[in-house]
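Listed below are the residues making up each chain.
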2 protein chains.
Amino acid sequence: MAVNKDNYCVIMGGGIGSRFWPFSRKTLPKQFLDFFGTGRSLLQQTFDRFKRIVPVENILVVTNDMYADLTRKQLPELAPEQILLEPTRRNTAPCIAWAAYHIRALNPQANIVVAPSDHLILKEDDFLSAIQKGLEFVSQNDKLLTLGIKPNRPETGYGYIQIAESIGDNFYKVKTFTEKPELELAKVFVDSGEFYWNSGLFMWNVNTIIRAGELLLPELAAKLEPGVGVYGTPEEKQFIDENFPACPNVSIDFGVMEKADNVYVSLGDFGWSDLGTWSSLYDLSPKDEAGNVALKCQSLLYNCKDNILVLPENKLVVVDGLEGYLIAEADDVLLICKKDEEHAIRKYVNDTQIKMGDEYI
Amino acid sequence: MAVNKDNYCVIMGGGIGSRFWPFSRKTLPKQFLDFFGTGRSLLQQTFDRFKRIVPVENILVVTNDMYADLTRKQLPELAPEQILLEPTRRNTAPCIAWAAYHIRALNPQANIVVAPSDHLILKEDDFLSAIQKGLEFVSQNDKLLTLGIKPNRPETGYGYIQIAESIGDNFYKVKTFTEKPELELAKVFVDSGEFYWNSGLFMWNVNTIIRAGELLLPELAAKLEPGVGVYGTPEEKQFIDENFPACPNVSIDFGVMEKADNVYVSLGDFGWSDLGTWSSLYDLSPKDEAGNVALKCQSLLYNCKDNILVLPENKLVVVDGLEGYLIAEADDVLLICKKDEEHAIRKYVNDTQIKMGDEYI
């Protein structure tokens, strides 16, 4: 595929992925894990994907200081200055704003695709075509573009985007963004044909996003704009360490996308999943005839149905008489719970931290 | 307690304990494991117990060649010649007969207590008093003595001994030995007051047992009697390696105790368990208020009842929504099954061996 030197990619890789505990740990969150045993972590897969359409030297990873070594180790192709290290966890808006100021200092014509580091894309060619078209679109239009996914089920774990009129060639103006809906509402959304999953993947020209941030998030811009002049220089990290912690904790969705009046969406079906939960992993994985999923481990199942087992390679798991359970083990933690009650995982993590301290988190 | 230099103890430690798989492995069977985290394995506990009444140099362990290193490591107090190594697995009669010939070569007046290596004894003083009384009894009587345990429940996992007339001082003639009964019969046994659990623990004078073996198991004696002259010498191991494999595979219960006419039983209640199954381990272990047992591991349980968890130390196990399950993990195997269906464990082990080979056995 064609590679445009004005195209940049920002991979957001600072999350802690607590919904995948204990497989995902604070010291090794899910984007660094190889869930399917393909040999490449989700972060590496994301990098592999975008380097087909973005020059490798234009790919940035924004992550937390504590994941610096992990990121360098998993992506040795990146020069040190291509890894932006946040001193504290904020939300997506500060991360994206910093990346935009940084990139503008390198290339004031840059078009940027911002992508999470933990998504699965099965139809990669279709996906990359859409990204290329989107980058072309934002290079010529002062618009904020997001990627909407055609829903195949009334998923309650995703936010939705309602589309308004088409402006041609599969681009639509966005009418509303919605929070994660209840099941009944999700069914209405899907049946309407007007609602698409919010992928959390964005495209824009660097000047468009900086302008939107200055307009809609002045408090954030006030912290980062003074760094103009040091972005892209050896002093950048020190400036960020001093100023980033004071940035407001706000998401790009809430802070910009839901408020701006120039937001558009490009639609598609890319075999996409945000791999947000064990259930989504279950849905995506090959199953035995009784609906059981066993990832990585060896398994011997008796009277078992609709379970998902994720344990270390070479581990043998023998289970007799379970239905609909998650059995996940990593290092020193084994979790067994109903797989449709996985929302409780945050509670398990919290209780574990309270009772046992940080050792198992 | 008094230690008599004519008293010997034979600890049988060659079993493979497959009913405790995966905790008990072929390369590390249950007698070498520390189930309760006391710091001493079942074998070590057995040794610790008997050395209070038997001179350490008179304690023998009979085990399999493959457990030689494990035994030496766990019981460094034993001289090399105190560990009798079977070249092949036979049953209890060949093991006991060899030990008897060996001991007679060292001390023709020896009185012997033969004990399994995997029993739990909670009332140790009562137990040792009974053993001392029993050894005194067999030193003066040409009788085979076994230990009967007063049953506290209609256990179907044990064999029973029916007693006949008392000969005073808590010794009774044995009327019959029975196989493991069905539940209804077990209830009748317990209610009758005439039936006691067969502990598999024996006492006799060395000449009594050798004579009984020669009379009742001539095929076995024919293999081992020719070694008289080499027992207790450096040539003993070679003789055993050549002749032991040809010994008949027969238990001491079936081959001698059920057939001899001079069999007596000493009765007691010693807080005894043969720790034969996960259920017996569950019954013996401290429980939380919902009846859950967690051995060794850390646990965080939600909506859980009557489960037994046995996992490595420092492992955190989080379980939500299980009742009556066994969750056992050791090394590279995790087993989850209903704890009252543990008879299926042999099936799991067999299937594992067929499908995966020896790696997980």
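Residue positions are given per chain, counting from 1 as you read along its sequence in written order. All chains are assigned letters beginning at A, and all ligands numbers beginning at 1, according to the order in which they are written. With the structure being a predicted model, the display of local features is reserved for residues of pLDDT at least 70 and the display and counting of side-chain atom pairs for 80 or more, all residues being used for whole-chain, interface and lining totals. Note that the side-chain values use all heavy atoms of the structure and ignore hydrogens as well as water.

### Points about the overall build of chain A
Strands are runs of DSSP state E lasting at least 2 residues, helices are runs of H or I lasting at least 4, and numbering of each runs from the N terminus. Scanning chain A for helices and strands turns up eleven helices and 17 strands. Using C-alpha atoms as the atom set, the radius of gyration is obtained and then compared with a globule rule of 2.2 Å times the number of residues to the power 0.38. The C-alpha radius of gyration computed for chain A amounts to 21 Å, which stays within 12% of the reference 21 Å derived for 361 residues, consistent with globular compactness. Think of it in three bands: residues with accessible area under 20% of the maximum for their type are buried, residues over 50% are exposed, and the middle band is partly exposed, with areas taken using a 1.4 Å probe on protein chains only. Counting every position in chain A, which comprises 361 residues, the buried fraction comes to 58%. By definition, residues are in contact when any of their heavy atoms lie within 4.5 Å. Here the contacts in chain A between residues at least 6 apart in sequence split such that 67% fall between residues at least 24 apart. Using a 1.4 Å probe, the Shrake-Rupley method yields the accessible areas, and only the shown protein chains count as cover for residues. On chain A, roughly 14,700 Å² of surface is accessible, and the fraction owed to carbon and sulfur atoms is 49%.

### Brief notes about the pairing of strand S17 (residues 333–338) of chain B
Of all the six residues making up S17 of chain B, five are buried; the element is thus mostly covered by neighbouring parts of the structure. One requirement defines pairing of two strands: DSSP has to find at least two bridges between them. In terms of strand pairing, strand S15 (residues 316–320) of chain A meets S17 of chain B through four bridges, oriented parallel. Bridging across to S17 of chain B, Leu316 of chain A finds its partner in Val333 of chain B. The sheet contact formed by strand S16 (residues 325–330) of chain B and S17 of chain B spans six bridges and is antiparallel. In the strand pairing of S17 of chain B, Ile327 of chain B is matched with Ile336 of chain B.

### Section: the relation of the copies chain A and chain B
After a rotation of 180° and a shift along the axis of 0.2 Å, chain A superposes on chain B with an RMSD of 0.1 Å. Viewed as a symmetry operation, the transformation between the two copies matches a two-fold axis. Of every C-alpha in chain A, the one belonging to Leu322 of chain A sits nearest the axis of rotation, 4.5 Å from it. Only residues with pLDDT of at least 70 in both copies count here: their C-alpha atoms drive the least-squares fit that superposes the copies.

### Observations concerning the packing of aromatic side chains
Each aromatic ring pair is summarised here by two numbers: the centre-to-centre distance and the angle between the ring planes. A pair of Phe, Tyr and Trp rings is counted when the ring centres sit within 6.5 Å of each other, with Trp represented by its six-membered ring. The angle between the planes then sorts it: under 30 degrees is stacked, over 60 is edge-to-face, the rest tilted. Per the counting criterion, the structure on display carries 34 aromatic pairs over all chains. With a centroid separation of 5.0 Å and 45° between ring planes, the pair formed by Tyr302 of chain A and Tyr348 of chain B is classed as tilted. Here Tyr302 of chain A is found in strand S13 (residues 298–302), whereas its partner Tyr348 of chain B is found in helix H11 (residues 345–356) on a different chain. Both residues of the pair, Tyr302 of chain A and Tyr348 of chain B, count as buried. Plain terms: the ring middles of Phe127 of chain B and Phe270 of chain B are 5.7 Å apart, the flat faces sit at 80° to each other, and that makes the pair edge-to-face. Taken together, the residues Phe127 of chain B in helix H4 (residues 124–140) and Phe270 of chain B in the loop between strand S10 (263–268) and strand S11 (272–273) connect sequence positions 143 residues apart. Here Phe127 of chain B matches Phe270 of chain B in class, with each residue buried.

### A look at the sheet that holds S15 of chain A
Spatially, the six strands line up as an open sheet ordered S13(A)-S15(A)-S17(B)-S16(B)-S14(B)-S12(B), and their pairing is mixed. Each edge of the open sheet is held by one strand with a lone partner, namely S13 of chain A together with strand S12 (293–295) of chain B. Averaged over all pairs of adjacent strands, the angle between strand axes in this sheet comes to 5°, irrespective of strand direction. By the bridge criterion, three bridges tie strand S14 (residues 308–310) of chain B to S16 of chain B in an arrangement that is parallel. Bridge pairing in S16 of chain B places Leu309 of chain B opposite Ile327 of chain B. Think of each axis as a best-fit line through the C-alpha atoms, taken over the contacting stretch in the case of a helix, with angles from 0 to 180 degrees between the N-to-C directions. The strands that H11 of chain B touches are S13 and S15 of chain A together with S16 and S17 of chain B; relative to S13 of chain A, the one it contacts most, it runs at about 140°.

### Section: the interface of chain A and chain B
Across the boundary between the two partners, chain A contributes 34 residues, which contact 34 residues of chain B. The term buried area means the drop in 1.4 Å probe accessible area that two parts suffer when joined, counted for both and summed. Buried area between chain A and chain B, both sides added, is near 2,700 Å², and the carbon and sulfur share of it is 58%. Just to be clear on terms, a salt bridge is a Lys or Arg side-chain nitrogen sitting within 4 Å of an Asp or Glu carboxyl oxygen. Applying the counting criterion to the chain A and chain B interface returns two salt bridges. A salt bridge links Glu329 of chain A to Lys315 of chain B; its shortest N-O distance comes to 2.7 Å. Only S13, S15, strand S16 (325–330), strand S17 (333–338) and helix H11 (345–356) of chain A provide two or more residues apiece to the side of chain A that touches chain B.

### Regarding helix H6 (residues 206–216) of chain A
Residue and element names in this part refer to chain A. Those residues of H6 that fall on the buried side of the exposure criterion are Val206, Thr208, Ile209, Ile210, Ala212 and Gly213. Buried residues along H6 sit in contact with helix H3 (92–106), strand S4 (111–116), strand S6 (144–149), strand S9 (195–205), helix H7 (218–224) and helix H9 (252–257). Two N or O atoms form a polar contact when they lie within 3.5 Å of each other; inside protein one atom must be a possible hydrogen donor and the other a possible acceptor, and for residues adjacent in sequence the pair counts only when both atoms belong to side chains. At the N-terminal end of H6, a side-chain oxygen is found 2.8 Å from the backbone nitrogen of Asn207, two or three residues along, and the residue is Asn205.

### Let's talk about the sheet that holds strand S13 (residues 298–302) of chain B
Pairing within the open sheet is mixed, and its six strands lie in the order S12(A)-S14(A)-S16(A)-S17(A)-S15(B)-S13(B). Every other strand in the sheet has two partners, leaving strand S12 (293–295) of chain A together with S13 of chain B as the edge strands with one partner each. Across the sheet, the axes of successive neighbouring strands diverge by a mean angle of 5°, strand direction being ignored. Looking at chain direction, S13 of chain B and strand S15 (residues 316–320) of chain B are connected through five bridges and run parallel. Looking at the pairing, Leu300 of chain B lines up with Val318 of chain B of S15 of chain B. Strand contacts of H11 of chain A: S16 and S17 of chain A together with S13 and S15 of chain B, with the helix running at about 140° to S13 of chain B, the strand carrying the most contacts.

### Side note on unusual backbone geometry
All names here are of chain A. Cis geometry marks the peptide bond from Trp21 to Pro22; its omega dihedral reads 5°. In this structure, Pro22 sits in the loop between strand S1 (7–12) and helix H1 (42–50). With a phi close to 70°, Lys296 is a non-glycine residue in the positive phi region. Relative to the helices and strands, Lys296 is located in the loop between S12 and S13. Overall, the relative accessible area of 26% leaves Lys296 in the partly exposed class.

### Describing the packing of helix H3 (residues 92–106) of chain B against helix H6 (residues 206–216) of chain B
Residues and elements named next belong to chain B. At a minimum axis separation of 10 Å, H3 and H6 run at an interaxial angle of 135°. Classified by the angle their axes make, H3 and H6 are oblique. H6 is crossed by H3, and the crossing has left-handed handedness. Mapping the contact onto sequence places Ile96, Ala100, Tyr101, Ile103 and Arg104 in H3 and Val206, Asn207, Ile209, Ile210 and Glu214 in H6. By the definition adopted for this analysis, an angle is roughly parallel if under 35 degrees, roughly antiparallel if over 145, roughly perpendicular if from 65 to 115, and oblique otherwise. Helix crossings fall into two classes, left-handed where the near helix is turned counterclockwise from the far one by less than a right angle and right-handed where it is turned clockwise.

### Digging into the environment of Pro226 of chain A
Residues and elements named next belong to chain A. Take Pro226: it is sitting in the loop between H7 and helix H8 (236–243). For Pro226, a relative accessible area of 53% corresponds to the exposed category. Sequence-wise, Pro226 and Phe239 are 13 residues apart; in three dimensions their C-alpha atoms are separated by 9.2 Å. Beyond its immediate sequence surroundings of up to four residues, Pro226 is in contact with Ala221 and Phe239.

### A short note on the pairing of strand S3 (residues 83–86) of chain B
Residues and elements named next belong to chain B. The two faces of S3 match: Ile83 and Leu85 on one face and Leu84 and Glu86 on the other face are all buried. Pairing between strand S2 (residues 59–64) and S3: four bridges, direction parallel. Bridging from a neighbouring strand, Thr63 pairs with Leu85 of S3.

### A few points about the confidence of the model for chain A
Considering every residue of chain A, the mean pLDDT works out to 93; 100% of them sit at 70 or more. The ipTM value of the predicted complex is 0.76, and its pTM value is 0.76. Note on scores: pLDDT gives the predictor's confidence for each residue, bounded by 0 and 100.

### Looking at H11 of chain A
With twelve residues, H11 of chain A ought to run about 16 Å at 1.5 Å a step, and its terminal C-alpha atoms sit 16 Å apart, in line with that. What H11 of chain A keeps buried is the set Ile345, Tyr348, Val349, Thr352 and Met356 of chain A. Angular distribution of buried residues about the axis of H11 of chain A spans 100°; they occupy a single face of the element. Where H11 of chain A is buried, its residues contact helix H10 (278–284), S16 and S17 of chain A together with S13 and S15 of chain B. Immediately beyond the C-terminal end of H11 of chain A, within one or two residues, lies Gly357 of chain A, with a positive phi of roughly 80°. One less than the residue count of a helix, multiplied by 1.5 Å, gives the span that helix is expected to have. To obtain the arc, one takes the directions from the helix axis to the C-beta atoms.

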